[in-house]
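# Secondary and tertiary structure notes
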Amino acid sequence: MKFGATFEEYLRAEQDKYLGKCSHVEYKRLKKVLKRCRVGRSLQADGTNGDEQQEGNDESSDVCECNSCGLCDQMFFTELIKEASEIAGCFSSRVKRLLHLHLHSGLQRYVWRVRQCFTDDQQIMVQEGRMLLNYVTMNAIAIRKILKKYDKIHGSVSGRDFKSKMQTEHIELLQSPWLIELGAFQLNCDDSDADEPGGFFKSGFFNNFSCDPTGAQPLLTMAISETLKYEYTLTCPVCLDTLFNPYALGCGHLFCKACACRAASVYIFQGVKSAPPEAKCPVCRAVGVFGHAVHMTELELLLKTRDKDSWRQRLREERTEMVKQSKEYWDSQAMLSMGI
């Protein structure tokens, strides 16, 4: 089955049930735009070989004459960037809501435990997580395929350049920190479900999800199918150790909280988001990414439960460093107030 038919089948099966208010890639309509453009290019090529071009004058106004097509660019890239932004926004908001329900505290946690006596909320959340994984995967594949088709028809690299633009604007779906959080959420639920022989996770979908923070190269792996697998390194690019108290910057790169604060020249107790606007990502050198940092709470919980001894040791080290920095900060403030 071709991807277009698979995508339409997915929309019919999922959209009415779960995602009626979420945006999707208008794959079929964008494909028609490219098809009309390809027909126009064929007519232009035939017209240059004889005098029959007069007959096709009305149609040739829609013809691509070069690698950059005004007709396609106006209808194609404008719509695609809008759809990608809406999909990324919908995905992140739905994942935030899901994780808030999973990691709630105080009175909300008490109410949730009472509800567990009457309904299996965790299974419902896991099913929604699976649906969101399918949602972001299908739309990411649709975007990649339609961009590849654009480049093939136009003989250009505009589609490839558009992928880079999506990364720059932080709407590349498969680089979203919320996708990593969703994978960590599934594994955390898997750990809590391990003692139940008939648990939801024994169905097989999540059997190929894995995380080993103690290996030579710590990885979070999510194998959605035989041909589609996501792998995310869990090594901090600053300290070159396994992530601790992880944060994702707006560009998508992951760091330990202490390492991110050090890179932005702020104290740990001040937090990553207190970084100045001109602070740059240590990896890609993007500016203004600290203000959009995301605390990876599910990933933090996953790493904590998978390597408890190392986590306790690093927690002690971070607290010691935080106390030291706090003393330095308040000593400097006191000296400044006294004019010393």
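Treat the numbers as computed from the prediction; the structure is a model and nothing was measured.

So, on to the sheet that holds strand 3 (residues 229-233). Across a sheet, strands are paired by hydrogen bonds formed along the backbone, either parallel or antiparallel in direction. Spatially, 1-2-3 is the arrangement adopted by the three strands of the open sheet, whose pairing is antiparallel. The open sheet has two edge strands with one neighbour each: strand 1 (209-212) and strand 3. The sheet shows a mean angle of 10° between the axes of neighbouring strands, direction not considered. Of the strand pairs in this sheet, strand 1 and strand 2 (residues 219-223) are connected by four bridges, and their pairing is antiparallel. Looking at the pairing, C211 lines up with L220 of strand 2.

Turning our eyes to something else, we now look at the environment of E321. As for its position among the elements, E321 is in helix 11 (residues 308-337). The exposure class of E321 is partly exposed, given its relative accessible area of 31%. Between the alpha carbons of E321 and I268 there is a distance of 8.3 Å; along the sequence they are 53 residues apart.

In space, the three strands of this open sheet follow the order 5-4-6, with antiparallel pairing throughout. The open sheet has two edge strands, strand 5 (254-256) and strand 6 (294-295), and neither has a second partner. Here three bridges tie strand 4 (residues 246-248) to strand 5, and the two strands are oriented antiparallel to one another. Residue pairing in the sheet places P246 in a bridge with C256 of strand 5.

For any pair of aromatic rings, geometry is given as the distance between the ring centres together with the angle between the planes. Within the structure shown, the criterion is met by 12 aromatic pairs. One aromatic cluster in this structure is built from F3, F7, Y10 and Y27.

With that out of the way, let us pick up the pairing of strand 1. Covered by surrounding structure in strand 1 are F209 and C211 only, the residues S210 and D212 on the alternate face being uncovered. Counting the residues between successive antiparallel strands, the hairpin from strand 1 to strand 2 contains six residues.

A few words now on helix 11. Side chains of residues three or four places apart in an α-helix project in the same direction, reflecting 3.6 residues per turn. Under the 1.5 Å per step criterion, the end-to-end length of helix 11 is 43 Å for 30 residues, consistent within 8% with the ideal 44 Å. Looking only at helix 11, the buried set comprises W311, R314, E318, Q325, S326 and Y329. Packing partners of the buried residues in helix 11 comprise strand 4, strand 5, helix 9 (257-263) and helix 10 (297-306). The first or second residue beyond helix 11 is G339, which carries a positive phi of 75°.

Any two side chains of opposite charge can pair, on the condition that their charged atoms come close. Following the criterion strictly, the structure yields nine salt bridges and no others. Measuring nitrogen to oxygen at the nearest pair gives 3.5 Å for the salt bridge that ties E128 to R97. In this pair, E128 is assigned in helix 6 (residues 121-154) and R97 in helix 4 (residues 70-102), connecting sequence segments 31 residues apart. The exposure class of R97 is partly exposed, given its relative accessible area of 46%. With a closest N to O distance of 3.8 Å, R314 and D241 form a salt bridge. Within this pair, whereas R314 is found in helix 11, its partner D241 is found in the loop between strand 3 and strand 4, the two being separated by 73 residues in sequence. Residue R314 is classed as buried on the basis of its relative accessible area, which comes to 15%. Several salt bridges share partner residues, and in doing so they unite R29, E79 and E83 into one network.

The next point concerns the side chain of N188. Its place among the elements puts N188 in helix 8 (residues 177-192). Sequence-distant contacts of N188, defined by excluding residues within four places in its chain, comprise H102, E298, L301, L302 and T305.

Here the focus is the state of the cysteines. What the rule picks out here adds up to one disulfide. Linked covalently through their sulfurs, C22 and C90 form a disulfide whose S-S length is 2.2 Å. Within this pair, whereas C22 is found in the loop between helix 1 (3-14) and helix 2 (27-47), its partner C90 is found in helix 4, the two being separated by 68 residues in sequence. In this structure C90 comes out as buried when scored by relative accessible area, which is 13%.

Phi at L240 is positive, roughly 60°, even though this residue is not glycine. On the secondary structure map, L240 appears in the loop between strand 3 and strand 4.

Calculation rules
Residues numbered from 1 in each chain as written. Predicted model: local features only at pLDDT ≥ 70, side-chain atom pairs only at ≥ 80, totals over all residues. Heavy atoms only, no water. Pairing = 2+ DSSP bridges. Helix = DSSP H or I, 4+ residues; strand = E, 2+ residues; numbered from the N terminus. Axes fitted to C-alpha atoms, helices over the stretch in contact; angles between N-to-C directions. Buried < 20%, exposed > 50% of the residue type's maximum accessible area, 1.4 Å probe, protein only. Phe/Tyr/Trp six-rings, centres within 6.5 Å; stacked < 30°, edge-to-face > 60°. Expected span 1.5 Å × (residues − 1). Contact = heavy atoms within 4.5 Å. Salt bridge = Lys/Arg side-chain N within 4 Å of Asp/Glu carboxyl O. Disulfide = S-S within 2.5 Å.

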